[in-house]
Structure formats: structure tokens, C-alpha cells
Amino acid sequence: MQRQWFVTLQNLPAAGRAWEIDVPKKLLQDSEFGNVDVVSGLCADVHWNVSLERQGDLFHLAGEWRAEMPRHCSRCNAAFNWQMVGQTEREFQLGREPVNEEDESACEYIAAPGEVNLVDVLREDIWLAWKADVICSETCKGLCQGCGNNLNTGTCKCERDDSDHPFAALRNLKLDG
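A few points on the structure. None of these values were measured; they are calculated from a predicted model.

Helix and strand counts for the protein stand at two helices and seven strands. Reading the protein from its N terminus to its C terminus gives the helix and strand order β-β-α-β-β-β-β-β-α. Computed over C-alpha atoms, the radius of gyration of the protein comes to 25 Å, more than 25% over the 16 Å expected from 2.2 N^0.38 for 177 residues, which places it beyond the range of a compact globule. For the protein, the spread of C-alpha atoms along the principal axes amounts to about 80 × 40 × 30 Å. With 177 residues in all, the protein has 32% of them scored as buried. Long-range contacts, defined as pairs at least 24 residues apart, comprise 58% of the intrachain contacts of the protein with a sequence gap of at least 6. Summing over all exposed atoms, the protein offers an accessible surface of approximately 12,000 Å²; the carbon and sulfur share of this is 46%. Both charge centroids of the protein, one from 17 positive and one from 29 negative side chains, sit 9 Å from each other.

Rendered as C-alpha cells:
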């Protein structure tokens, strides 16, 4: 097992720790490592800039990451590499979860010594940032509804009969002015 991806909260130095690392895509896709579902289909390693600090009884993990995945545009169906950017924001506390619901907070409780698998945290963040519909660019014109031609790469050649369109009568409207 690769111990470099684990951090023990009890052993955290007073100054905390910071990482600017490229997490190997091979590791994120290794089903034998960690407990969170693997992230398959990455184009390259994931760049992660993250820090872990102690704030009283809480341990605050914060940072940002960048990844790239092959996807198909929801408008034109063209293949492209989707640039993902996400945030890591977690709070951990050593000990057991409170019995009373009133005492609950948004932090994750971890039994001492408080071992955190950073790869699992990153995998979870990537899954939470997933979008079902992505577009290749803001200017994507999509597909022609008549012939299905990609309007980004060519023009539509189908003949349109807009006479049954609900607003077709407005074409014949004469306005003074």
C-alpha cells in the first residue's frame, strides 16, 4: 500500500501540511486502493493543491484540483476533453460521532489516530463535481434539428418548411414605422 497518500491527524505538525502534487491517474483508477469508487477515463494525472491545518479540535483540509476527462458535447455530440476544476473542503474531528443530533456538525468524525486517505478524498471531490451535461464551448451551435448536421462544422442542407411553425404568421405582419 502507498503510505504517502495517508495522513494521520494526531501526527500533524503544529504548522500543518501543504501539498502541491500531481496525483497519478493510475492510482485514481486502481480499484485495490481506497474505499471510494475509482475515477476512470481521466486523460492525465490530477493536479491538486491542498493544505491541512489544525484549528482547535478540528482539522481543516482545503484546496483546489484540476482534471481532464474525455466527454461528448451535449449539444453537438462531438468528442472533447472536459476541463474540470474543483474545490476540496473538509473538516475532520477525532473521536466518535455525537449521540445527540443537536451536537452534530458538518465535520467527519474519525477514530484516533485519525488516518485519512487523501486519494479517497480527491476521488469523492471529482465524483461530486461530475456533470451529466457538458458542452464543448459556450459558442457551440449544436445539431440541426432537421438533418442532424453539426452546425459548428458545416451548414444545414435540409429544406425547411416553417409554415406550420406557431409564429409563421408573424412573417406576413406589416408594421408601420
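Overall, mixed pairing links the five strands, which are arranged β2-β3-β4-β5-β6 in an open sheet. Since the sheet does not close on itself, it has two edges, and those belong to β2 (17-23) and β6 (108-110), each with one partner. Adjacent strand axes in the sheet meet at a mean angle of 25° when their direction is disregarded. Where strand β5 (residues 79-94) lies against β6, three bridges are found, and the strand directions are parallel. Along β6, the bridge assignment pairs Gln-93 with Tyr-109. Running over the sheet, helix α2 (residues 118-129) touches β2, β3 (46-55), β4 (58-72) and β5 and is turned about 125° from β5.

Glancing now at the layout of surface pockets. What the largest pocket holds in volume is close to 190 Å³. The wall of the largest pocket is formed by 14 residues, among which Glu-108, Val-116, Asn-117, Asp-120 and Val-121 lie closest to the centre. Among the secondary structure elements, those contributing two or more residues to the lining of the largest pocket are β5, β6, β7 (115-117) and α2.

Attention shifts here to a nonpolar patch on the surface. A surface patch of nonpolar side chains, about 490 Å² in accessible area, is lined by Phe-167, Leu-170, Leu-173 and Leu-175. By the secondary structure assignment, Phe-167 is in the segment after α2.

Here the focus is the side chain of Arg-90. Mapped onto the elements of the fold, Arg-90 is located in strand β5. Note on Arg-90: relative accessible area 10%, which makes it buried. Within polar-contact distance, the side chain of Arg-90 engages the side chain of Glu-124 at 2.6 Å. A polar atom in the side chain of Arg-90 sits 2.7 Å from the side chain of Asp-125. When sequence neighbours within four positions are dropped, the list of residues in contact with Arg-90 reads Phe-59, His-60, Leu-61, Glu-108, Val-121, Glu-124 and Asp-125.

Analysis parameters
- Residues numbered from 1 in each chain as written.
- Predicted model: local features only at pLDDT ≥ 70, side-chain atom pairs only at ≥ 80, totals over all residues.
- Heavy atoms only, no water.
- Helix = DSSP H or I, 4+ residues; strand = E, 2+ residues; numbered from the N terminus.
- Rg over C-alpha atoms; globule rule 2.2 N^0.38 Å.
- Buried < 20%, exposed > 50% of the residue type's maximum accessible area, 1.4 Å probe, protein only.
- Contact = heavy atoms within 4.5 Å.
- Areas by Shrake-Rupley, 256 points an atom, 1.4 Å probe, with all protein chains shown as cover.
- Lys, Arg positive; Asp, Glu negative; His and termini not counted.
- Charge placed at Lys NZ, Arg CZ, Asp CG, Glu CD.
- Pairing = 2+ DSSP bridges.
- Axes fitted to C-alpha atoms, helices over the stretch in contact; angles between N-to-C directions.
- 1 Å grid on protein atoms, 1.4 Å probe; cavity = no way out; pocket = protein on both sides within 12 Å on 5 of 7 lines; lining within 4 Å.
- Points joined across faces, edges and corners; volume = space filled by probe spheres on them.
- Patch = residues over 30% accessible without salt bridge, like charges linked within 9 Å, V, L, I, M, F, W, Y side chains within 5 Å.
- Salt bridge = Lys/Arg side-chain N within 4 Å of Asp/Glu carboxyl O.
- Polar contact = N/O pair within 3.5 Å; in protein donor to acceptor, adjacent residues only side chain to side chain.

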